[in-house]
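Coordinates in review
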Amino acid sequence: MPGLYLQVGNLPSNRLALTNRVYISPLNYRQLSDGNGENRTIFLKMGPHAYVAEAHPSVSDDQLALNGLHRRFAQLSLAARVEVQAYHPPADQALASLEITVDLLAKRSSGQPRELDTDRLANDVLLNYEGQILQVGQSVAMDFEGTKLELNISKVSRIAFNDKGGDATCNVGQLLGPTDIVFGKAKGSNLVALDGTKIAGGTGGGNNIFLSDFDFEKLGIGGLDAEFNQIFRRAFASRIWPTHIIKQMGITHVRGMLLHGPPGCGKTLIARQIGKVLNARDPKIVNGPEILDKFVGGSEEKVRELFADAEKEQNEAGDASMLHIIILDEMDAICKSRGTVRDGTGVSDSVVNQLLSKIDGVDSLNNILLIGMTNRKDMIDDALLRPGRLEVHVEIGLPDKKGRLSILKIHTKNMKESNRVQSDVLARMDEIADNTKNYSGAELEGLVKAATSYALTRCVDVKDLSKAPDAENLILKYEDFDRALGDVEPKFGAKSQELKALYRNGFVPYGESFDYLMSTLDRLVEQVRKSEKTPLMSVLLQGPPGCGKSAVAAKLAVSSGFPFVRMISADEMIGYSETSKCQMIHKAFLDSYKSPLSIIFIDDIERIIDYVAIGPRFSNLVLQTLLVLLKKIPPDDGRRLFVVGTTSVPHLLEDLGLVQVFSLTQSINLLDDQSQTTKVLQVAALMSEKDAGEIASTIIKPVGIKQLLMVAEMARQGSSENTVDINLFMECLHTIGF
């Protein structure tokens, strides 16, 4: 049947706006219903929109009467001409579920929010609108128990046919008796409070605190799934449930959490992005030092201003108030332990007191979430960290391999979509993640930037910068990442280059005793890695100077694959006071507790404790620090620490009690067997077995492998490329006293 062209007009009566129907003249009604009378329900379709139509004698034959919400949804103005056609909804448009957001039609606050029983509301919606076609984004005006409501269709799902499952991707359907109807509050509204079981977001009714379309990867957050699970469980799980359930449980919502960890691991990023996934007020973000003010009382006033909006809304809306998020970065700048700041003003103590009173004081707020961030959790006042205040403590540590892979994919996503990265880079992303064990999230971002700089420079003619860059060949290659690894090095843990420098002349397995030593150490590393009963293992390598203790410990640390490796050596503490040394050693151990698997390598312990044979024998302060820390088990479950120490004077350290605090002691001796010396010469000096044996027979006293490797390198400088002259080697050997 051909359609009719009608002119948009107003409804004959305002009360008809609450029916969600369109009205036409009786003549047009009979024409569109094929003359079957006025007792039949007919549907009209205007473009993509379909409505139930009724005849009304006050509507002229050339008019289509719509309410304001209809005109707004269809983007039609009064007097506009539209084509209308009869419409027959197919059977597969039947709705299985319908989600509706609710707000007052008149957006005026009258103090406390209007409480709505969702069970009765669902019955009224079905009673008034059963059989109508509803579309996502459509608004419907309704009178519910004397209150004018605006209902917005937010999500629909059709009934499954032929066992294909419900169509969750549809945006239109017909409301029928079996349709399950649930409700949620309109975003940003505190005019209504929902109660009952027909509330979207959870059994028994709750609050839609999370937006339905968020994705952490789209927000640029990777490798923090476990941390987000902890944040959700502790800080947000209770806010999903309705207020009366929480009152029945006798608990209050979490009002604060503290994100702590090494720099660059994503604390600030998480806090800033959390506001984007919550159905809450826009977060207030403030850096700690910005709170401070030069005027007396100014700092405390700024703290009160942060909570003013939340306090006002809670007084007006009560439990229906929306969540207010306050993000406080660099929290340690203003929340130091009270009594520790000696500035004479007491400002720091007053700021802490003001925060305490606002978070959990006499008139504490229940609609706030304070997120604090710091690198120094130990500096923050203990009263802020107790339950009821910043009670959720989430450590944002270094990412594991899965996390590093996720972060690298996020930072190369745009390149991949633009075909600016070679396929082998994407295929070998696992290798890049393996090569960045100690990298934080910020350092991984810097790595991608450094790699990109090589690709950008490759497409620029440096000799003639006036030429346009070669954009067509701008492709990121795997070689760019290899070179970038030398530009961006991890700050957390020891640099592998420093450790490898300790065995730069080679690492030679010289006999059964050495193989047994290395296999023992490897077993201990695996024990720490796998055994839940060994959170702490310490090994002392003892032996005379030059026997290779430091090289063995460094090789063990590099080959372990542990994500955190820290070397403590005397050369890093030159000129340090005793207190500074203790602080540096303590910090190394504290950092190790932040990683699931850690190795601390303490080289030349006697040098670190300032041991000398005459005069003041040693530093007791440093000694006591080592004695305490070497026996301290990592405080957090799942954290394991392996400590390797080296010394050349074990008999003296035994008198100080240092040897006893290590779990076990392993000795490394000088080369005192001819076969051992022969093996080292064959590998290090590329000699034949005969020549190496002749030289080994002339060495009549034990020699350190470190000295032997040095002599081999000396002799190599005056010999041909592939061989070492025996006479020259003997001359070099004589030079060092053998």
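Residues numbered from 1 in each chain as written. Predicted model: local features only at pLDDT ≥ 70, side-chain atom pairs only at ≥ 80, totals over all residues. Heavy atoms only, no water.

Overview of the overall build of the protein
The condition that has to hold: Runs of E in the DSSP output that reach at least two residues are strands. Runs of H or I that reach at least four are helices, and both are numbered from the N terminus. Each residue is placed in one exposure class: buried if its accessible area under a 1.4 Å probe, protein chains only, is under 20% of its type's maximum, exposed if it is over 50%, and partly exposed if it falls in between. Note on areas: these come from Shrake-Rupley sampling with a 1.4 Å probe, and a residue is covered only by the protein chains present in the view.
Looking only at helices and strands, one finds 27 helices and 24 strands in the protein. Dimensions of the protein along its principal axes, counting C-alpha atoms only, are 125 × 65 × 55 Å. Relative to its 738 residues, the protein shows a buried fraction of 47%. By element, 50% of the accessible surface of the protein is carried by carbon and sulfur atoms, the whole surface being about 36000 Å².

Focus on the sheet that holds strand β21 (residues 564–568)
Put simply, the rule reads: Pairing between two strands is assigned when DSSP locates at least 2 bridges connecting them. Only the contacting stretch of a helix is used when fitting its axis, a line to C-alpha atoms as for every element, and angles between N-to-C directions run 0 to 180 degrees.
Strand order in the open sheet made by the 5 strands is β21-β22-β23-β20-β24, with parallel pairing throughout. Of all the strands in the sheet, the pair left with one neighbour each is β21 and β24 (664–667). Ignoring strand direction, the axes of neighbouring strands in this sheet form an average angle of 20°. Here β21 pairs with strand β22 (residues 597–602) via 5 bridges, running parallel. From the neighbouring strand, Phe 564 faces β22, where its bridge partner is Ser 598.

Considerations on a nonpolar patch on the surface
Short version of the rule: Nonpolar side chains (Val, Leu, Ile, Met, Phe, Trp, Tyr) within 5 Å and like charges within 9 Å form the patches, drawn only from residues with over 30% relative accessible area and no salt bridge. We define a salt bridge as a contact between a side-chain nitrogen of Lys or Arg and a carboxyl oxygen of Asp or Glu at a distance within 4 Å.
On the surface, a cluster of nonpolar side chains totalling about 280 Å² of accessible area is made up of Val 460, Val 462 and Leu 465. Tracing the chain through its elements places Val 460 in the loop between α14 (441–458) and α15 (478–487). By relative accessible area, which is 32% here, Val 460 ends up partly exposed.

Details of the packing of aromatic side chains
Threshold: The aromatic pairing rule takes the rings of Phe, Tyr and Trp, using the six-membered ring of Trp, and pairs them if the centres are within 6.5 Å, calling planes under 30 degrees apart stacked, those over 60 edge-to-face and the rest tilted. Here, a charge over a ring is recorded when the distance from Lys NZ or Arg CZ to the ring centre is within 6 Å and its angle to the ring normal is within 35 degrees.
Evaluated as defined, the whole model comprises 0 aromatic pairs. Taking NZ or CZ as reference, Arg 428 lies 3.6 Å from the ring centre of Tyr 478, over its face.

With respect to the nonpolar core
Threshold: We define a nonpolar core as any set of buried Ala, Val, Leu, Ile, Met, Phe, Trp, Tyr and Cys residues linked to one another through side-chain atoms lying within 4.5 Å. Each domain's limits were defined by an automated method or a database of domain assignments.
Ranked by internal contacts, the top residues of the largest apolar core, which has 51 residues, are Leu 521, Leu 541, Val 552, Phe 642, Val 680, Met 687 and Phe 729. For this core, the element with the highest residue contribution is helix α17 (residues 512–530), accounting for 7 residues. Taken domain by domain, the makeup of this core includes at least three residues from each of domain 5 (496–667) and domain 6 (674–736). With 29 residues, the next largest nonpolar core counts Ile 568, Phe 589, Ile 602 and Leu 653 among its residues.

Let's talk about unusual backbone geometry
We note that Asn 20 has phi near 60°; this positive angle belongs to a residue other than glycine. Turning to its location among the elements, Asn 20 is positioned in the loop between β1 (4–9) and β2 (22–24). A positive phi angle, near 50°, is found at Glu 145, a position not held by glycine. On the secondary structure map, Glu 145 appears in the loop between β10 (139–144) and β11 (147–158).

Structural notes on the packing of helix α19 (residues 578–592) against helix α21 (residues 620–629)
Which entries qualify depends on this criterion: Just so you know how the angles are binned, under 35 degrees is roughly parallel, over 145 roughly antiparallel, 65 to 115 roughly perpendicular, and the rest oblique. Left-handed is the label given to a crossing in which the near helix is rotated counterclockwise from the far helix by less than a right angle, and right-handed is the label when the rotation is clockwise. Should any heavy atoms of two residues lie within 4.5 Å, those residues are counted as being in contact. The nonpolar class holds Ala, Val, Leu, Ile, Met, Phe, Trp, Tyr, Cys and Pro. Asp, Glu, Lys and Arg form the charged class, and all remaining residues, Gly among them, are polar.
Between α19 and α21, the least distance of the axes is 9 Å, while the angle of their chain directions is 15°. It follows that α19 is roughly parallel to α21 by the angle criterion. In the crossing of α19 with α21, the sense of the turn from one axis to the other is right-handed. For the pair formed by α19 and α21, the contact residues are Glu 578, Thr 579, Lys 581, Cys 582, Ile 585, His 586 and Phe 589 on the first element and Asn 620, Leu 621, Val 622, Thr 625, Leu 626 and Leu 629 on the second. Residues of the contact of α19 with α21, tallied by class, amount to 7 nonpolar, 4 polar and 2 charged.

Some words on the environment of Lys 336
Looking at the secondary structure, you find Lys 336 in the loop between β17 (324–329) and α8 (347–360). Placed 13 residues apart in sequence, Lys 336 and Leu 323 show a C-alpha to C-alpha distance of 27 Å.

Points about the domain arrangement of the protein
When its domains are assigned, the protein resolves into domain 1 (4–87), domain 2 (95–195), domain 3 (218–395), domain 4 (401–487), domain 5 (496–667) and domain 6 (674–736). Each of domain 1 and domain 5 has a C-alpha centre, and the two are 85 Å apart.

Observations regarding the sheet that holds β11
Pairing is mixed across the open sheet formed by 4 strands, whose spatial order is β10-β11-β7-β13. Looking at strand neighbours, the two that pair on one side only are β10 and β13 (180–185), the edges of this open sheet. Direction aside, the axes of adjacent strands within the sheet are offset by 35° on average. Relative to β11, strand β7 (residues 95–104) runs antiparallel, the two sharing 9 bridges. Along β11, the bridge assignment pairs Thr 101 with Asn 152. Packed onto the sheet, helix α3 (residues 118–129) meets β7, β10, β11 and β13 and runs at close to 115° relative to β10.

A few points about the packing of helix α24 (residues 674–684) against helix α25 (residues 689–698)
At a minimum axis distance of 8 Å, the contact between α24 and α25 shows a crossing angle of 130°. The angle between α24 and α25 falls in the class oblique. Seen from above, α24 lies across α25 with right-handed handedness. Residues Gln 674, Thr 677, Thr 678, Leu 681 and Gln 682 of α24 touch α25, and the partners they reach there are Glu 689, Ala 692, Gly 693, Ile 695, Ala 696 and Ser 697.

Notes on the pattern of salt bridges
Between side chains of opposite charge, pairing is possible as soon as their charged atoms come close. Summed over all chains, the structure comprises 22 salt bridges. For Lys 198, the salt bridge is made with Asp 180, and the minimal N-O distance between the two is 3.1 Å. A residue pair is termed long-range when its members are at least 10 positions apart, and Lys 198 in the loop between β14 (192–195) and α4 (225–240) and Asp 180 in strand β13 qualify at 18 residues. Look at Lys 198 and you get partly exposed, because its relative accessible area is 25%. A residue is classified by how much of its surface remains accessible, and Asp 180, at 35% relative accessible area, is partly exposed. One salt bridge connects Glu 311 with Lys 358, and the closest N-O pair in it is separated by 3.1 Å. Taken together, the positions of Glu 311 in helix α7 (residues 298–317) and Lys 358 in helix α8 put the pair 47 residues apart, joining distant regions of the chain.

Here we look at the side chain of Ser 560
Residue position: Ser 560 is located in helix α18 (residues 549–560). Apart from residues no more than four positions distant in its own chain, Ser 560 is found in contact with Val 525, Arg 529 and Ile 599.

Overview of helix α26 (residues 705–717)
Heads up, the condition is: In a helix, the anticipated span is given by 1.5 Å times the number of residues less one. Relevant arc is that of directions from the helix axis to the C-beta atoms, nothing else.
With 13 residues, α26 should reach 18 Å at 1.5 Å per residue; the first-to-last C-alpha distance of 19 Å fits that figure. Of the residues making up α26, those classed as buried are Ile 705, Leu 708, Leu 709, Val 711, Ala 712 and Ala 715. Mapping the buried residues of α26 onto a view down its axis gives an arc of 160°, with all of them on the same face. What points out from α26, more than 90 degrees from its buried face, is the exposed set Lys 706 and Gln 717. Looking at the buried positions of α26, the neighbouring elements they touch are α24 and α27 (726–735).

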